[in-house]
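Notes for the structure review
Next come the chains, spelled out residue by residue.
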Amino acid sequence: MMRTADLVATAANALRSNPLRSALTALGVIIGVASVVAMVALGSGAQARVQQSISSLGSNLLIIVPGASQSGGMRMAAGGDTQTLTIDDAEAIRAQFPDAAAVSPSQSARAQIVANGLNWNTRIEGATPDYLIARDWTVEQGRFFDDAEERQARRVVVIGATIAAELFPNMDPVGETMRINSGSYEVIGVLASKGQSGFGMDQDDIVVAPLSTVKRRISGRWRRADTVSQISVKATSEETLPRLQEDVTELLRQRHRIRPGADDDFTVQNLSSITEAAGEATQVFTYLLAGISAVSLLVGGIGIMNIMLVSVTERTREIGLRKALGARQADILRQFGLEAVTLSVAGGLIGLVFGVLGAWGLTTLADLPLVLSPLNAALAIGFSAFVGIVFGAYPAWRAAQLDPIEALRRE
Amino acid sequence: MEAPLIAANDLVKLYEMGEETVHALAGVRFEIARGDYCAIVGPSGSGKSTLMNILGGLDKPTSGRIVIDGSDISALSDEELATFRNRTIGFVFQSFNLLPRLSALENVELPMIYAGKDPVERRALAQGLMKRVGLGERMGHKPTQLSGGQQQRVAIARALAGRPALILADEPTGALDTNTGKEILALFSELNKEGATIVIVTHDLEVAAAAKRTIEMRDGRIVRDQVNAVRAA
C-alpha cells in the first residue's frame, strides 16, 4: 500500500516536470471559475440593488390603488379614471385597525412648477402628514406640514432633493416660494434623498403638498372631491402586515358593497411581495449568468481530459515500469486522478482570486454593491474539483488498465 | 531437501495471431533452486521473452503450473500479481528504465514506495544499495547525468531493493559496450555469491557463459539444460 504523502509527491513531481503545460491546462478552469464567481457576484449585486431600492419605497407598506387587480397582484397602476377609493376609506382603515401605524390617502398630479425663473415638470403628491411615516421619508431641512395646514388647504409644499437642486441651486429653499400652475406656494421643507426606485424612477423628483390643497387647487379635473388615487398604509410590524392586508381588503369590499365572488374594484399591493417577485426575477438572471459561465468551466474540464490523455500516452513506459515494480492498478489510478484534480483545484483557487477581482471591477463599473458569498466561492471550488474528478477519471482509468508488457515494449 | 525457488510444469502459452495460433511456450518443465544463477538463451521467437514475462509475474500461462517462492502465478489476481512483482521479483531491463525526473537514489526507492515502506528506513536502505553497486558518490545525480554502465548499476540497486527472491534480468548488457557489460556481469556474479538467485534472459552466449547454468530454448521448448563447465570471472 502506497503512502499518501508519496502519492502526492509523485503527482506533484509529474506536474512540475512540465510547468507550462500544467499552467495552460489549469487556465481553462481558471477562466471558468473566474467567470462563474464574477457573474454570480454581478447578479447578486443587481439583486441586492433592486431589493434595496424597493424597500426604500417604504417598509411594511401596503399601497391601495383603485381598479381591479389582474391575477398575481403585480399590476402596478390601475386604469386612469377609476375613482373607487375615497378619503373616507382611509379614515375607516385608520379607525378600525390598530395595526395600521400610519394611513395616508394621497392624490397624484403632474404639474409645471416655476421658481427663480426655472421651469420644472414634476409629480405633485397631495397627502396627509402620515405620508411622511408611511413612506419612510425624513425631512432634511425645514418641516413637514401638519394636520391643521392640511385641513385648511394651505399653500405650503415640501420638496424632494431633486427639485431643491434644480429650482433652488446654491440656496436654502425653505421659505422661498414657487408657482404651481398659476398659484403661489411656500416651500416649508426639503425631504432627504432616497435615490432611484427599483423601477428606475427618481423618487426625489417630487413635491408633497396637503391633500386638500391638491384636490382643490391643482387636480381640479377630478369629478368627485373625496376620491384619491392611492392610500398608503403602514403596518406596525412585518408580522402584522399579511393580516392587515386581509383585513383591509375585507373592509374595503364591505364599504364598496362588493358581492361575494365578485372582483375587487381596488388593489392592495404588498411591497414585500413585490420585492420577492423582483428578487426572483434577478435570481433567474443570476442563474443564467452562472449557467453560461459554467459552460466555460466545462470546456476547461475537457481541456484537462485532453491533456491527461496525451500525458498517459507519453508516459506509457513510465506506467509500465511502475507496474513492473509493483504499482497496483489503484496506485496508477490514484496518481493520474490526483494530477487531474490538483490541476483543476489549483485552477479553481486561482480562478477564485481573478473572479473576485473581476467582480470588484464589474460592480464598480456598474455602480452595484459588491456581494461575495463564501457559499458561492466554496461552490466554485467544489465544482472545479468535481470537474477534475470527472474528466480525470477516464485518462487515469486508461493508465491503470495498461498492460505492463506492452507498455515496457513501447519506445 | 529444500523446495526449489521456481518449479514450472508443462507450461503452455498460446497467442492468437489472426487465424493462426502460435505456441510461444509448448510444454516447458524446469526447476530453479535458490541461489542459482541461470541464463535462458535462444533466438528471437524461441519463447524466452514469454517465459521471462511469466517468471516476472507480468503474464500468466495458458495452461500448466508455475510456482515461484510458494506463489502459484496462475492463481493470483491482478492485485496479488502486483504485490508479487513488488516483493518477489527484481527487474533489470536492457534499456535501464530509470525515471528521468527522479534522482538515482529516488529511482532505487521506487519499489519500496509501492511497498509502503517508511521514508526514513527506505532512504537508508536505498543509500546502502547505491554504495553496494559502487555509486555511493552519485546518489543525487539524475539518470541523464550518468553513463550507461552507471545507469544499469542504479537499475540493479533498484532490483535489489526490498530483498526480492529472484533477480530477473532481460538482456542486461544489451545496451552496453563490451567492457561495461563485463563489469555488470561481474556484479551479478558477486551478488550471486552473496546469495541472490539470478535469472538472465539473453541471446548472447558469452553473457550466458557467465552464469552457472544455461537453459536453451527453441520454438517454445527447452532443448538444452546444462551446468556451465567454465565460469567467467
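Before reading on, note that the structure itself is shown above.
Overview of the structure.

Rules used throughout
- Residues numbered from 1 in each chain as written.
- Chains lettered and ligands numbered in written order.
- Predicted model: local features only at pLDDT ≥ 70, side-chain atom pairs only at ≥ 80, totals over all residues.
- Helix = DSSP H or I, 4+ residues; strand = E, 2+ residues; numbered from the N terminus.
- Rg over C-alpha atoms; globule rule 2.2 N^0.38 Å.
- Buried ≥ 20, exposed ≤ 12 C-beta atoms within 10 Å, placed from the backbone.
- Contact = placed C-beta atoms within 7 Å.
- Core = buried A, V, L, I, M, F, W, Y, C linked by C-beta atoms within 7 Å.
- Pairing = 2+ DSSP bridges.
- Axes fitted to C-alpha atoms, helices over the stretch in contact; angles between N-to-C directions.
- Nonpolar A, V, L, I, M, F, W, Y, C, P; charged D, E, K, R; others polar.
- Expected span 1.5 Å × (residues − 1).
- Arc of directions from axis to C-beta.
- Parallel < 35°, antiparallel > 145°, perpendicular 65-115°, else oblique.
- Left-handed = near helix turned anticlockwise from the far one by under 90°.

**What about the overall build of chain A?**
- Tallying secondary structure elements over chain A gives 13 helices and 10 strands in all.
- Taking 2.2 N^0.38 as the reference for a compact globule, 411 residues should give roughly 22 Å; the C-alpha atoms of chain A span a radius of gyration of 33 Å, well beyond that estimate.
- With respect to the three principal axes, the spread of C-alpha positions in chain A is 105 × 55 × 30 Å.
- Counting all 411 residues of chain A, 43% fall into the buried class.
- Across chain A, the fraction of contacts at a sequence separation of at least 24, relative to all contacts at a separation of at least 6, is 83%.

**Quick word on the overall build of chain B**
- When helices and strands are counted, chain B shows seven helices and 10 strands.
- Expected size for 233 residues packed as a compact globule is a radius of gyration near 17 Å; at 18 Å, chain B falls within 12% of this value.
- For chain B, the spread of C-alpha atoms along the three principal axes comes to 50 × 45 × 40 Å.
- For chain B, buried positions account for 45% of its 233 residues.
- Counting only contacts in chain B whose residues sit at least 6 apart along the sequence, the fraction spanning at least 24 positions is 68%.

**Describing the nonpolar core**
- Core analysis: the largest hydrophobic core is formed by 174 residues, its most contacted members being Val37 and Val233 of chain A together with Val199 of chain B.
- Ranked by residues supplied to this core, first place goes to helix 2 (residues 19–55) of chain A with 16 residues.
- When near neighbours in sequence (up to four residues on either side) are disregarded, valine 199 of chain B contacts Ile32, Cys38, Ile40, Leu55, Leu166 and Leu168 of chain B.

**Details of the sheet that holds strand 2 (residues 20–32) of chain B**
All names here are of chain B.
- Spatially, 2-1-4-5 is the arrangement adopted by the four strands of the open sheet, whose pairing is antiparallel. Taken across any chain shown, the strands that pair with only one partner, and hence form the sheet edges, are strand 2 and strand 5 (71–72).
- Note that strand 1 (residues 6–17) and strand 4 (residues 63–68) share five bridges and pair antiparallel. The residue of strand 4 that forms the bridge with alanine 8 is isoleucine 66.
- Contacting strand 1, strand 2 and strand 4, helix 1 (residues 48–55) crosses the sheet at an angle of about 60 degrees to strand 2.

**Some thoughts on helix 2 (residues 78–88) of chain B**
- Residues Leu81, Ala82, Arg85, Asn86 and Thr88 of chain B constitute the buried set of helix 2 of chain B.
- Taken together, the buried residues of helix 2 of chain B touch helix 10 (316–324) of chain A together with strand 4, strand 5, strand 6 (89–92), helix 3 (104–114) and strand 7 (166–170) of chain B.

**Some words on the environment of tryptophan 360 of chain A**
- Checked against the element boundaries, tryptophan 360 of chain A lands in helix 11 (residues 329–365).
- The spatial distance from the C-alpha of tryptophan 360 of chain A to the C-alpha of alanine 41 of chain A is 8.5 Å, given a sequence separation of 319 residues.

**Focus on the sheet that holds strand 6 of chain B**
Residue and element names in this part refer to chain B.
- Here we have six strands laid out as an open sheet, ordered 6-7-8-3-9-10, and mixed in their pairing. Here the strands that pair on one side only, and so sit at the sheet edges, are strand 6 and strand 10 (221–227). Averaged over all pairs of adjacent strands, the angle between their axes in this sheet comes to 20 degrees, without regard to strand direction.

**Let's talk about unusual backbone geometry**
- Even without glycine at this site, aspartate 136 of chain A takes up a positive phi of about 55 degrees.
- As for its placement among the helices and strands, aspartate 136 of chain A is situated in the loop between helix 4 (131–134) and strand 4 (139–142).
- We classify aspartate 136 of chain A as partly exposed; it has 17 C-beta atoms within 10 Å.
- Within the chain, asparagine 97 of chain B stands out as a residue other than glycine whose phi angle is a positive 55 degrees.
- With respect to the element layout, asparagine 97 of chain B can be found in the loop between strand 6 and helix 3.
- For asparagine 97 of chain B, a count of 22 C-beta atoms within 10 Å gives the class buried.

**Describing the environment of glycine 70 of chain B**
Residues and elements named next belong to chain B.
- Its location among the elements puts glycine 70 in the loop between strand 4 and strand 5.
- Overall, glycine 70 belongs to the exposed group, with 9 C-beta atoms counted inside 10 Å.
- Between the alpha carbons of glycine 70 and arginine 221 there is a distance of 24 Å; along the sequence they are 151 residues apart.

**Describing the interface of chain A and chain B**
- At the interface, 19 residues of chain A touch 19 residues of chain B.
- Element by element, the count of residues in the side of chain A that touches chain B is highest for helix 10 of chain A, at five residues.
- Each residue belonging to the side of chain A that touches chain B can be placed in one class, and the counts come to eight nonpolar, four polar and seven charged.

**Details of helix 6 (residues 178–193) of chain B**
Residue and element names in this part refer to chain B.
- In this model, helix 6 (16 residues) spans 23 Å end to end at C-alpha, consistent with the 22 Å of a helix rising 1.5 Å per residue.
- Those residues of helix 6 that sit buried are Gly181, Ile184, Leu185, Phe188 and Leu191. In an axial view of helix 6, the angular spread of the buried residues amounts to 115 degrees, which keeps them on one side of the axis. In helix 6, the exposed positions that point more than 90 degrees away from the buried face belong to Asn179, Glu190 and Lys193.
- In this structure, the buried side of helix 6 is in contact with helix 5 (148–160), strand 8 (197–202) and helix 7 (205–209).
- The positive-phi residue at the C-terminal boundary of helix 6 is glycine 195, with phi of around 120 degrees.

**Describing the packing of helix 5 of chain B against helix 6 of chain B**
Residue and element names in this part refer to chain B.
- At a closest axis distance of 10 Å, the pairing of helix 5 and helix 6 adopts a crossing angle of 20 degrees. When the axis of helix 5 is compared with that of helix 6, the two are roughly parallel. The hand of the helix 5/helix 6 crossing is right-handed. When helix 5 is examined against helix 6, the residues Gly148, Gly149, Gln152, Arg153 and Ile156 are found in contact with a partner set consisting of Thr180, Glu183, Ile184 and Leu187.

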